[in-house]
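Chain residues, written in single-letter form:
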Amino acid sequence: MTGRGGKVHVGHTPLGALMIYTLLLALLVVGLSGYLMTTDMFWGVEWPETVHEFAVHWTEISVLLNIAAVFYESRRTGVNLPKAMIRGYKYIPAR
């Protein structure tokens, strides 16, 4: 299917799917490294804190890039993606 400016995917775009995996992995690393910092074994060890800080920054950047990409793709394809995320279904305009 093609929208106003290009191909419209019924589900996520390949880049959108990659972003989902990136965010899931980043949040997993944030949680795991945050937990490790509280354990006796890693209390005061520097690398879990460094990993945690990097993962938090990576997550923040990924979220901002995701928001920008959603609005860009909405304008490019003519599909209101934020509305689709809230309502649970996507209206794809006819060719």
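This one's a predicted model, so the numbers in the text were calculated from it and none came from an experiment.

> Explain the side chain of Ser33 to me, please; I cannot follow it from the model alone.
One can find Ser33 in helix H1 (residues 14-38). Take Ser33: its relative accessible area is 4%, and that puts it in the buried class. Reaching out from Ser33, the side chain makes a polar contact with the backbone oxygen of Val30 at a distance of 3.2 Å. Setting aside anything within four residues of it in sequence, one finds Ser33 in contact with Pro48, Val51 and His52.

> Is there a simple way to explain the packing of aromatic side chains in this structure?
Here the distance between the centres and the angle between the planes together describe a pair of aromatic rings. Inspection of the entire model under this criterion finds two aromatic pairs. A centroid spacing of 6.1 Å and a plane angle of 25° characterise the contact between Phe54 and Trp58, whose relative ring orientation is stacked. With a gap of four residues between them, Phe54 and Trp58 both fall in helix H2 (residues 46-77), about one helical turn apart.

> What's the story with the pattern of salt bridges in this structure? I'm lost.
Side chains bearing opposite charge may pair, as long as their charged atoms lie close to each other. In total, this model carries one salt bridge according to the counting rule given. Glu73 is the partner of Arg76 in a salt bridge, and the nearest nitrogen-oxygen pair spans 2.8 Å. Here Glu73 and Arg76 lie together in helix H2, a separation of three residues that amounts to about one turn. Residue classification places Arg76 among the partly exposed positions, given a relative accessible area of 24%.

What counts, and at which threshold
Residues numbered from 1 in each chain as written. Predicted model: local features only at pLDDT ≥ 70, side-chain atom pairs only at ≥ 80, totals over all residues. Heavy atoms only, no water. Helix = DSSP H or I, 4+ residues; strand = E, 2+ residues; numbered from the N terminus. Buried < 20%, exposed > 50% of the residue type's maximum accessible area, 1.4 Å probe, protein only. Polar contact = N/O pair within 3.5 Å; in protein donor to acceptor, adjacent residues only side chain to side chain. Contact = heavy atoms within 4.5 Å. Phe/Tyr/Trp six-rings, centres within 6.5 Å; stacked < 30°, edge-to-face > 60°. Salt bridge = Lys/Arg side-chain N within 4 Å of Asp/Glu carboxyl O.

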